[in-house]
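Listed below, chain by chain, are the residues.
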Amino acid sequence: MKKIICIVALLAILPITISAGQSYLEVTAPGNRQLQLAVANPVPLSGGENTGIARDIAELFRFDMTLAGPFSVMATTPTDSKSGIRPGDFSFDSWKGAGADLLIKSGYTVSGTTLTLECRLYDVTRGQELAAKRYSGSVTDLRRIAHTFSDEIMQVTTGERGPFTGKIAFVSKQTGNKELYLMDYDGYNVQRLSRNGSINLNPDFSPSGKEIIYTSYKKGNPDLYRRDIFSGKEARISAHRGINVTASYSPDGNRIALAMSKDGNSEIYIIGKDGKQLARLTNNSAIDVSPAWSPDGRQIAFVSDRLGKPQVFVMNADGSGVRRLTTSGAYNVSPRWSPKGDRIVYCRQQGGFQIFAINPDGSGDTQLTSQGSNEHPRWSPDGRYITFSSQRGGREAIYVMRADGSGQVMVSRGKGSDTHPAWSPRW
Amino acid sequence: MRKGMLRCVMVLCCGVIFASGCAKEEMVKKEEPVAAPAAPVQAPKPAQPAAPREEAVTPQTVKEAPASIKEETVQVAPVSALEKIYFDFDSFTLSQVSRDTLAKNAEILLKKLSGKIQVEGHCDERGSDEYNLALGEKRAKAAVNYLVTLGVPAERLSVISYGKEKPADEGHDETAWAKNRRDEFAIIK
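Residues numbered from 1 in each chain as written. Chains lettered and ligands numbered in written order. Predicted model: local features only at pLDDT ≥ 70, side-chain atom pairs only at ≥ 80, totals over all residues.

## Things to note about the overall build of chain B
Here is step 1 of the chain: Scanning chain B from N- to C-terminus turns up four helices and six strands.
Here is step 2 of the chain: The N-to-C order of helical and strand elements in chain B reads α-β-β-β-α-β-α-β-α-β.
Here is step 3 of the chain: Taking all 189 residues of chain B together, 32% fall into the buried category.
Here is step 4 of the chain: Put simply, of all contacts in chain B between residues at least 6 apart along the chain, 75% involve residues at least 24 apart. (Helix = DSSP H or I, 4+ residues; strand = E, 2+ residues; numbered from the N terminus. Buried ≥ 20, exposed ≤ 12 C-beta atoms within 10 Å, placed from the backbone. Contact = placed C-beta atoms within 7 Å.)

What follows is the structure in structure tokens.
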């Protein structure tokens, strides 16, 4: 049965004149001052109160906005009443008094299995509305609906949508075997994708977000598979003798870079989505693995031990112009180019692993993590966040953080060791 | 829903809004389930929605893949007669001890065993799993190459790398790591 979803953008007015290229934040909070953001308790718009839904919505907004970066989410909210959420239905005074710059108001209606959620973002100081949306959907889609408004808040305040409706694909050992899973970026709604009892590694999303490629030992050899997420259909696209590993979709989604050893030892190749070899990029006796495309598709960062120990190198996408990128540290691996092209994140072994980021010209090398051992960094599609796996005392789990290393928070809540996260494009 | 639209229209009438900030109203159909494409999988690339359009808020259901058809995997049985060999960290160089062990293994392969052998290369947990997949293969190939020089026919030998995915010892200390940086030898039936 097809269900028609109605999304009504009630209002989208900007309260102050913002010239092209400037976002609300740049005008309102120059100098990177964090805006105090309050999340009002969600209220029933009609029908009865549902404390479970209200709590989930409020917690979700608080989590998203805390990670977001530009905001400091206020710990307590003023006792603002039973009041409404629409302009004129409540007073800004108590919010102003509490020091809030921004305010999220939301109201819900549950009717059978249908949820209507109306969300509004206010500039408290000016008493103006910045965004207003009403979403209707299934009650079971509550989290997706609320994350959609979080993405909208990022759009309105920064000029670029948030990545909070995205999913994270990852590998989990909760059954005893490394199987593929999918979850919301904040760890909810975990779904198992593979069920082969073998070893499954390195998921990577296609730019469309509809497919993943991954390496699996399910037919004995570490081969590369391409899988349609929604139908579950998949094809084994690279099954050469030896390894077929660390595959990565090109930014245009038409090619795949990967490491194969079919010609003797691990080298970087480019293949089509059907597995047909298009180019061989490296040719030497050292290990070459983990190719990572620049967002314009013109360059590829990769790992090679051609100078003795594994280091990150960069080459043109035709294999020419190889240059060493990382010069500090004895063991640097797992590079990933940021979606905006300005940074390359990678892992350095120093005892355990730590995540670093470096400019593509080799300058600005910065350590982002220091607690426990941290691996497998991957960017959010907007490049403002990084997901990674971390072992801090207990089992390995999936974390997210801002691109500068701040705001690190665990998101996977599974029972097994969780690794290899990959953040999907907008879902 | 109708009430919502009505309210939307009413809001539209308010004069305070800039023309560019006018209320937008649209019906977004729930995304169709992605049709099962024939293998190889076709990328269903939906057209980019026009500017102010909102994504559908109801997600598609991710269906569990149908239980895959049971594949016949190569039966690999460990052979205790063939001894494992061990490596230093981030190294695939054969030590003298390893060479001596391989010489013993070669003799067994030439005199007592007639089957094919798969050499499994393994690593300890300290390296990156991606790099270790390649390193494990180099370890397996180092053993194969040496066995060939000792007269074992190359066609009887194959390699597979498990990187750090199959540790022999689940511990997290040097004793465990030393046991995990290894080649194992298995008969393929």
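## Describing unusual backbone geometry
Where the residue is not glycine, phi is negative for most of them; where a peptide bond is considered, it is trans in most cases.
Here is step 1 of the chain: Unusually for a residue other than glycine, Ser290(A) sits at a positive phi of about 60°.
Here is step 2 of the chain: The residue Ser290(A) is located in strand S19 (residues 288-293) in this model.
Here is step 3 of the chain: Taking the number of C-beta atoms within 10 Å as the measure of exposure, Ser290(A) has 33 and is therefore buried.
Here is step 4 of the chain: Despite not being glycine, Asp90(B) shows a phi value in the positive range, around 50°.
Here is step 5 of the chain: The residue Asp90(B) is located in the loop between strand S3 (85-86) and helix H2 (96-111) in this model.

## Structural notes on the packing of helix H2 (residues 51-68) of chain A against helix H4 (residues 142-158) of chain A
Residue and element names in this part refer to chain A.
Here is step 1 of the chain: Closest axis-to-axis distance for the H2/H4 pair is 10 Å, and the angle between their directions is 35°. Note on packing geometry: the crossing formed by H2 with H4 is right-handed. Residues Ile53, Asp56, Ile57, Leu60, Phe61, Asp64, Met65 and Ala68 of H2 form the contact with H4, whose participating residues are Leu142, Arg143, Ala146, His147, Ser150 and Met154.
Here is step 2 of the chain: By residue class, the composition of the contact of H2 with H4 is nine nonpolar, two polar and three charged. (Axes fitted to C-alpha atoms, helices over the stretch in contact; angles between N-to-C directions. Left-handed = near helix turned anticlockwise from the far one by under 90°. Nonpolar A, V, L, I, M, F, W, Y, C, P; charged D, E, K, R; others polar.)

## Remarks on the sheet that holds strand S9 (residues 179-184) of chain A
Strand pairing in a sheet takes place through backbone hydrogen bonds and is either antiparallel or parallel in direction.
Residue and element names in this part refer to chain A.
Here is step 1 of the chain: Spatially, the four strands line up as an open sheet ordered S10-S9-S8-S31, and their pairing is antiparallel. In this open sheet, the two strands that pair with only one neighbour each are strand S10 (191-192) and strand S31 (418-423).
Here is step 2 of the chain: As paired strands, strand S8 (residues 167-172) and S9 are joined by six bridges and run antiparallel to one another. In the sheet register, Ser172 faces S9, and the bridge partner there is Glu179. (Pairing = 2+ DSSP bridges.)

## Considerations on the sheet that holds strand S18 (residues 277-280) of chain A
Residue and element names in this part refer to chain A.
Here is step 1 of the chain: With respect to topology, four strands assemble into an open sheet ordered S15-S16-S17-S18, the strand pairing being antiparallel. Looking along the sheet, the strands with just one partner apiece sit at the ends: strand S15 (244-249) and S18. Each strand of the sheet is rotated relative to its neighbour by a mean of 25°, with strand direction disregarded.
Here is step 2 of the chain: Sheet topology note: the strand S17 (residues 267-272)/S18 ladder contains three bridges and is antiparallel. Residue pairing for S18: Tyr269 is matched across the bridge by Arg280.

## Considering the domain arrangement of chain A
Residues and elements named next belong to chain A.
Here is step 1 of the chain: On domain assignment, one finds that chain A holds domain 1 (8-158) and domain 2 (167-423).
Here is step 2 of the chain: Each of domain 1 and domain 2 was reduced to a C-alpha centroid, and the two centroids are 35 Å apart.
Here is step 3 of the chain: Facing four residues of domain 1, the contacting portion of domain 2 comprises 10 residues.
Here is step 4 of the chain: Considered class by class, the residues forming the side of domain 1 that touches domain 2 number two nonpolar, one polar and one charged. (Domains from an automatic or database assignment.)

## Considerations on H2(A)
Quick reminder: α-helices carry 3.6 residues per turn. Residues three or four places apart thus point the same way.
Residues and elements named next belong to chain A.
Here is step 1 of the chain: Given a rise of 1.5 Å per residue, 18 residues ought to cover 26 Å, and the 25 Å separating the end C-alpha atoms of H2 matches this to within 8%.
Here is step 2 of the chain: Buried residues of H2: Ile57, Leu60, Phe61, Phe63, Asp64, Met65, Leu67 and Ala68, and no others.
Here is step 3 of the chain: With its phi angle positive at about 120°, Gly69 sits one or two positions after the end of H2. (Expected span 1.5 Å × (residues − 1).)

## Description of the pairing of strand S20 (residues 299-304) of chain A
All names here are of chain A.
Here is step 1 of the chain: Among the six residues of S20, five are classified as buried, and the element is accordingly described as predominantly covered.
Here is step 2 of the chain: Summarising the sheet, S19 and S20 pair through four bridges and their orientation is antiparallel. By the bridge assignment, Ala292 is partnered in S20 with Ala301.
Here is step 3 of the chain: From the end of S19 to the start of S20, which pair antiparallel, there are five residues, and Gly297 there has a positive phi angle of about 75°.
Here is step 4 of the chain: Pairing analysis gives six bridges linking S20 to strand S21 (residues 311-316), with the strands arranged antiparallel. By the bridge assignment, Ala301 is partnered in S21 with Val314.
Here is step 5 of the chain: Linking S20 back to S21 in an antiparallel pair, the connection comprises six residues, with Gly308 at a positive phi of about 120°.

## Points about the nonpolar core
Here is step 1 of the chain: Core analysis: the biggest nonpolar cluster contains 140 residues, and Leu37(A), Leu102(A), Leu103(A), Leu258(A), Ile300(A) and Ala301(A) have the highest contact counts within it.
Here is step 2 of the chain: In terms of residues, this core owes the most to one element, helix H3 (residues 129-149) of chain B, which gives nine residues.
Here is step 3 of the chain: Those residues in contact with Leu102(A) that lie beyond four places of it in its chain are Leu35(A), Leu37(A), Phe71(A), Leu121(A), Tyr122(A), Asp123(A) and Val124(A). (Core = buried A, V, L, I, M, F, W, Y, C linked by C-beta atoms within 7 Å.)

## Observations concerning the confidence of the model for chain B
All names here are of chain B.
Here is step 1 of the chain: Per-residue pLDDT for chain B has a mean of 70; in total, 58% of the residues score no lower than 70.
Here is step 2 of the chain: Here residues 1-71 is a poorly scored stretch, pLDDT under 50, and it has 118 contacts once near neighbours within four places are set aside; other chains count.
Here is step 3 of the chain: Both scores are given for the predicted complex: the pTM is 0.84, the ipTM 0.86. (pLDDT = per-residue confidence, 0-100.)

## Notes on the environment of Asp274(A)
All names here are of chain A.
Here is step 1 of the chain: Residue position: Asp274 is located in the loop between S17 and S18.
Here is step 2 of the chain: On the basis of neighbour count, Asp274 is assigned to the exposed category, with 12 C-beta atoms found within 10 Å.
Here is step 3 of the chain: Separated by 20 residues in the primary sequence, Asp274 and Asn254 place their C-alpha atoms 9.6 Å from one another.

## With respect to the confidence of the model for chain A
Here is step 1 of the chain: Taken over all residues, the pLDDT of chain A has a mean of 91, while the share at 70 or more is 93%.
Here is step 2 of the chain: Note that pLDDT drops below 50 for residues 1-17 of chain A; the model gives that stretch 54 contacts with residues more than four away or on any other chain.

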